[in-house]
Every structure is written in C-alpha cells, then in structure tokens.
Amino acid sequence: MSPQPEPAAACAQGAPAAQVEPKPAAESRLTLYGGSDGVGRRVTVRDLALAKRRGERWPMLTAYDALTAGVFDEAGIPVLLVGDSAADNHLGYPNTVPVTVDELITLTAAVVRGTKRSLIVADMPFGSYQASATQALATGTRFLKEAGAGAVKLEGGRRVVPQVEALVQAGIPVMAHVGLTPQSVNVLGGYRVQGRGDEEAERLLADAKSLEAAGAFAVVLELVPGELATRVTELLNIPTIGIGAGPGTDAQVLVWTDMAGMTAGQAPRFAKKYADMRAVLGDAARAYAADVVSGAFPAPEHTFH
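Residues numbered from 1 in each chain as written. Predicted model: local features only at pLDDT ≥ 70, side-chain atom pairs only at ≥ 80, totals over all residues. Heavy atoms only, no water.

As recorded in an unreviewed UniProt entry, the protein chain goes by the name 3-methyl-2-oxobutanoate hydroxymethyltransferase, listed as coming from Actinocrinis puniceicyclus. Checking UniProt for the protein chain, the heading Pathway (unreviewed entry) contains the comment "Cofactor biosynthesis; (R)-pantothenate biosynthesis; (R)-pantoate from 3-methyl-2-oxobutanoate: step 1/2." Regarding the protein chain, the relevant UniProt record gives this comment under Sequence similarities (unreviewed entry): "Belongs to the PanB family." (UniProt positions renumbered as here; feature names shortened; annotations may be inferred.)

Caption draft 1: Molecular detail of the UniProt feature "binding site: Mg(2+)" (unreviewed entry) in the protein chain. Per the UniProt annotation, the sites labelled "binding site: Mg(2+)" (unreviewed entry) are Asp84, Asp123 and Glu155. Spatial clustering of the annotated residues is evident: they stretch over 72 residues in sequence, but the largest pairwise C-alpha distance comes to 10.8 Å. Lining residues of the largest pocket drawn from the annotated set just named are Asp84, Asp123 and Glu155. By the secondary structure assignment, Asp123 is in strand E3 (residues 119-123). Judged by relative accessible area, which is 2%, Asp123 ranks as buried. (1 Å grid on protein atoms, 1.4 Å probe; cavity = no way out; pocket = protein on both sides within 12 Å on 5 of 7 lines; lining within 4 Å. Helix = DSSP H or I, 4+ residues; strand = E, 2+ residues; numbered from the N terminus. Buried < 20%, exposed > 50% of the residue type's maximum accessible area, 1.4 Å probe, protein only.)

Caption draft 2: How the structure looks around the sheet that holds strand E7 (residues 240-243). In space, the eight strands of this closed barrel follow the order E1-E2-E3-E4-E5-E6-E7-E8, with parallel pairing throughout. Adjacent strand axes in the sheet meet at a mean angle of 25° when their direction is disregarded. Across two bridges, E7 lies against strand E8 (residues 251-254) in parallel orientation. The partner of Ile241 across the bridge, within E8, is Ala251. (Pairing = 2+ DSSP bridges. Axes fitted to C-alpha atoms, helices over the stretch in contact; angles between N-to-C directions.)

Caption draft 3: Up close: the layout of surface pockets. Approximately 690 Å³ is the volume attributed to the largest pocket. For the lining of the largest pocket, the secondary structure elements donating two or more residues are helix H3 (86-89), strand E6 (218-222) and E8. Counted by class, the lining of the largest pocket contains 15 nonpolar, eight polar and nine charged residues. (Points joined across faces, edges and corners; volume = space filled by probe spheres on them. Nonpolar A, V, L, I, M, F, W, Y, C, P; charged D, E, K, R; others polar.)

Caption draft 4: Structural context of helix H5 (residues 133-147). The terminal C-alpha atoms of H5 lie 21 Å apart, and with 15 residues this matches the ideal 21 Å at 1.5 Å per residue to within 8%. Taken together, the buried positions of H5 are occupied by Ala136, Thr139, Gly140, Phe143, Leu144 and Ala147. Taken end-on, H5 shows its buried residues confined to a sector of 130°, consistent with a single buried face. Backbone nitrogen of Thr134 and a side-chain oxygen of the N-cap are separated by 3.4 Å at the start of H5; the cap is Ser132. (Expected span 1.5 Å × (residues − 1). Arc of directions from axis to C-beta. Polar contact = N/O pair within 3.5 Å; in protein donor to acceptor, adjacent residues only side chain to side chain.)

Printed below as a string of structure tokens:
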C-alpha cells in the first residue's frame, strides 16, 4: 500500500492543522448525536454519509467564537457552521454580503480552537468564489490551512459546479447550499421561499443533483417547501440539511442566536427559540450595575487582603 500523503495544512509553518479525515478503523462507527461511541476524534464527512444510510438525523448550529463553540461541542452538536451569518448576527453588518474572508478565517480559527469533536464548516463569503474555480480553490485552501476548518460551504446551484469540482479534487470537502441563498438576496428580490411551482421545483432538484455529482458531501436547503425538501432528500445519496425546509431533511441547522433567543426583534418564522438568553444576559447586566451603584459589589469575599 502506498504511503498516505501529508495533509496540506502541515505545509504551513505555525498554522493549525486542518481536520483531515483519518483512515477509518474497522469498527470506527461514530454516533453523531446521543450515546457514547468511544471514538476519540472529530466527526468527518464520512460519518455524515454513514448517518444518511442509517437514517440517523443530526443537528447543526452556527458558531462564531471559541467559548460558544465549546458549549455546543460539549453538548454533542456534531457539525458547527462558521456561517457568513456572522456578519449580521455577530459583527453588526446589515446582512451577510459585507463580511470578508479574513474576518471569517479569524472566527473559524477560534471555533476550531474551542472544540474537540465537532466537524467545523467554514462559509465562503460573497465575492470569494464566484469569479472562478481558481478563486474558489484559493479561498478554500486558506480556510483549511490558516483556520483549520474541516470543510467549506458555498452557495449556488449548477453555476458553481466548476468551483465544487475544483475544491473536491484538491481534497477540500464542500457543503453546498441551494434554495434561498442569502448572498444573492438582491437578485432573488428578498427573503422569499424558493422552489414553489413545478418549474422552480425542478430547477432546484436539478441543482441539488448537479452538486452531488460534482462531489459535494451535503447540501443545505433553505426556505424550501417541505414537500420539495423531502423529495430532494429521498433522491439524493448525500445528506440534506434543512433551514425553513420542513421535517423531511436528514439534518437541521439554525443560527445559534435565533435558537437561544439572543436575536433582537422578531426571529424568522422557521426558527424555534429554545431559551431567552437576551433576557438572561440583560437581567445579569442590570443586577451587576445595581450592585456597583449601591456599593454591594465588590463585597469582602471579592476583595484581597
């Protein structure tokens, strides 16, 4: 047997090692969520493929910093997406378009450092891959070598097939994204459901099949009618990940600030709020401020003698 090639990340002096899939062991079955699998390694794209065959559903969340990512990693979330949603949910931009590659590399590296088990997927932001397969390969390479990501994600259907093929052929796992693609919101005419009507549905299905054929290991379906998302899931051999796409997909993803109730104002209809962390943090900040004003903090137990 020929020797295994060295991971690309090892070539960068001082750069964090990318999450390269290890040689599978004979009994290296990893349960994505729940239970104890005893496998001391990160989740890989192969694990996701095996979960699809078993009919095992799994959760995905976004993460933008080491501390929060560590909480989700300890909670057993198998896949964390350093989404371009960091733009409007973490960095204060009005939408996802302005965020840069450099900004997302910094956030991705932090998420990698804060986790041990989750597969870390880095979003390729607007303008970093659309021009050509060469541009996509350069951007994807940076996310693996400089940030240690285990995979990248990009938006678009058949138009990005050359980019997906170039990345996969170079050894960079690709998660695809169809339906509502936020980076194209200006062309789509707003945040509206995609795939309604026979013509749109067939176009979306053809996009998903083309991305699978190009080598994508999974595809996100965003704001897609539930019936269509279920049909796509049944016809593809790779996992589908729904966000506003009903219960028929293989996995679900939410922006963590929506999931935890940190988002100000009205959350998207498809997002379920599992906590009210905005209120909890606000209450904590007000209690702290009141103690400082009254002189109750710092108390003797917080003071050195």
